[in-house]
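Read off the chains here:
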Amino acid sequence: MTWIAFGVTWGTVRTITHGIRGGWLPWGNISAGGQHLHHYNLGIGILAGIGIIAVRGDERAVGHPAVAAAYGAGTALIADEFALLLDLQDVYWAEQGRLSVDVSLGILSVLGAYLTATPFWHECARATHHHVVSAAKHHLTPAR
């Protein structure tokens, strides 16, 4: 769920920012008191909320799919402006802003590879455990 939420949020926010900049979307940037609010601010707020849920320790809430989705979405909002946070300058549309795209695609790739390989690693662990237990039983059985 986290991986899907990350990918959907990242793709959506990239589309929206291009639409705002290109003028083909009917709304503009979010501001408060004349100050532009970057979407990483929303991501930090989301992750702070998820942190409260994690610290509280409620098992049902921690494992809820909505928490996983919110985590993925919040992380995507931050990763999409990684270059801005790294340089502390608004480089979203500059060449340096490409770093945010690279980081986001890297996160998607690593998470995708992890999710794809998880069944493989679980099967490796299961088979290894089975072989270790079988070998231990074989060696612990009294000789006849």
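Above this text is the structure in question.
The numbers attached to residues start from 1 for each chain and follow its sequence in the written order. Local features in this predicted model are restricted to residues whose pLDDT is 70 or higher, and side-chain atom pairs enter the listing and the counts only when it is 80 or higher, whereas totals over whole chains, interfaces and linings include all residues. Side-chain measures were taken over the full set of non-hydrogen atoms in the model, leaving aside hydrogen atoms and water.

Colleague: Teacher, can you tell me more about the overall build of the protein chain here?
Modeller: Numbered from the N terminus, helices here are DSSP runs of H or I no shorter than four residues, and strands are runs of E no shorter than two. In terms of regular secondary structure, the protein chain is built from six helices and two strands. For the protein chain, the α and β elements follow one another from N to C terminus as α-β-β-α-α-α-α-α. In terms of overall size, the protein chain is more extended than a compact globule, its C-alpha atoms giving a radius of gyration of 22 Å where 144 residues would be expected to give roughly 15 Å. Overall, the protein chain is about 85 × 35 × 25 Å in size when its C-alpha atoms are taken along their principal axes. Counting across all 144 residues of the protein chain, residues that qualify as buried make up 24%. Two residues qualify as a contact provided that any one of their heavy atoms is within 4.5 Å of a heavy atom in the partner residue. Once local pairs closer than 6 in sequence are excluded, the contacts in the protein chain between residues at least 24 apart make up 63%. Only the protein chains shown count as covering a residue, and every accessible area follows the Shrake-Rupley method with a 1.4 Å probe. For the protein chain, the exposed surface amounts to about 9900 Å²; the carbon and sulfur share of it is 66%. What the globule rule says is 2.2 Å times the number of residues to the power 0.38, and the radius of gyration is computed from C-alpha atoms. Burial here depends on accessible area, computed with a 1.4 Å probe over protein chains only, as a share of the maximum for the residue type. Under 20% is buried, over 50% is exposed, and the range in between is partly exposed.

Colleague: Where do I start with the packing of helix α1 (residues 2-22) against helix α4 (residues 65-79) in this structure?
Modeller: Geometry of a packed helix pair, given as the angle between the helix axes and the separation of the axes. Axis lines are fitted to C-alpha atoms, over the contacting stretch for helices. Their N-to-C directions set the angle, which ranges from 0 to 180 degrees. The geometry of α1 relative to α4 is characterised by a closest axis approach of 7 Å and an angle of 40° between their N-to-C directions. When the axes of α1 and α4 are compared, the pair comes out oblique. Helix-helix and strand crossings are classified by hand; for α1 and α4 the assignment is right-handed. When α1 is examined against α4, the residues T2, A5, F6, T9, W10 and V13 are found in contact with a partner set consisting of A68, A69, Y71, G72, A73, T75, A76, L77 and A79. Orientation is classified from the angle alone, with under 35 degrees giving roughly parallel, over 145 giving roughly antiparallel, 65 to 115 giving roughly perpendicular, and any other angle giving oblique. Put simply, a crossing is left-handed when the front helix is turned counterclockwise from the back one by less than a right angle, and right-handed when it is turned clockwise.

Colleague: I keep staring at the nonpolar core and nothing clicks. Help me out?
Modeller: A general trend in soluble globular proteins is that nonpolar side chains are found buried together. In this description, a nonpolar core means a group of buried Ala, Val, Leu, Ile, Met, Phe, Trp, Tyr and Cys residues linked to one another through side-chain atoms lying within 4.5 Å. With six residues, the main nonpolar core is built from F6, W10, A76, A79, V101 and L108. Of all the secondary-structure elements, those providing two or more residues to this core are α1, α4 and α6 (98-140).

Colleague: Explain the packing of aromatic side chains to me, please; I cannot follow it from the model alone.
Modeller: In this description, a pair of aromatic rings is defined by centroid distance and the angle of the planes. Each Phe, Tyr or Trp ring (for Trp, its six-membered ring) is paired with any other whose centre lies within 6.5 Å, and the angle between the two planes then decides the class: stacked below 30 degrees, edge-to-face above 60, tilted in between. Tallied over the entire structure, the rule returns two aromatic pairs. Here Y92 and W93 contribute two aromatic rings whose centre-to-centre distance is 4.9 Å and whose plane-to-plane angle is 80°, an arrangement assigned as edge-to-face. For Y92, a relative accessible area of 8% gives the class buried. Summarising the aromatic geometry, the rings of F120 and W121 are spaced 4.9 Å apart at their centres and angled 70° between planes, so their arrangement reads as edge-to-face.

Colleague: Explanation requested: the pattern of salt bridges in the structure shown.
Modeller: Proximity of charged atoms lets side chains of opposite charge pair with each other. Here, a salt bridge means any Lys or Arg side-chain nitrogen found within 4 Å of an Asp or Glu carboxyl oxygen. Scanning the model with the defined rule gives three salt bridges in all. For R98, the salt bridge identified is with D102, shortest N-O distance 2.8 Å. Of this pair, R98 and D102 both sit in helix α6, four residues apart, which is roughly one turn of the helix.

Colleague: I keep staring at α1 and nothing clicks. Help me out?
Modeller: Spacing of three or four residues puts side chains on the same side of an α-helix, whose turn is 3.6 residues. Taking 1.5 Å per residue, 21 residues should reach 30 Å; α1 reaches 30 Å between its end C-alpha atoms and fits that length. Along α1, the positions that sit buried rather than exposed are A5, F6, T9, W10, V13, R14, T17 and G19. An expected span of 1.5 Å times one less than the residue number is assigned to each helix.

Colleague: Can you help me understand the packing of helix α2 (residues 39-56) against α4 in this one?
Modeller: The interhelical angle for the contact between α2 and α4, taken along N-to-C directions, is 150°, at an axis separation of 7 Å. When the axes of α2 and α4 are compared, the crossing they make is left-handed. Residue-level contacts link H39, Y40, L42, G43, I44, I46, L47, I50 and I53 of α2 to V67, A70, Y71, G74, T75, L77 and I78 of α4. Residues of the contact of α2 with α4, tallied by class, amount to 12 nonpolar, four polar and no charged. Note on residue categories: nonpolar means Ala, Val, Leu, Ile, Met, Phe, Trp, Tyr, Cys or Pro, charged means Asp, Glu, Lys or Arg, and polar means any other residue, Gly included.

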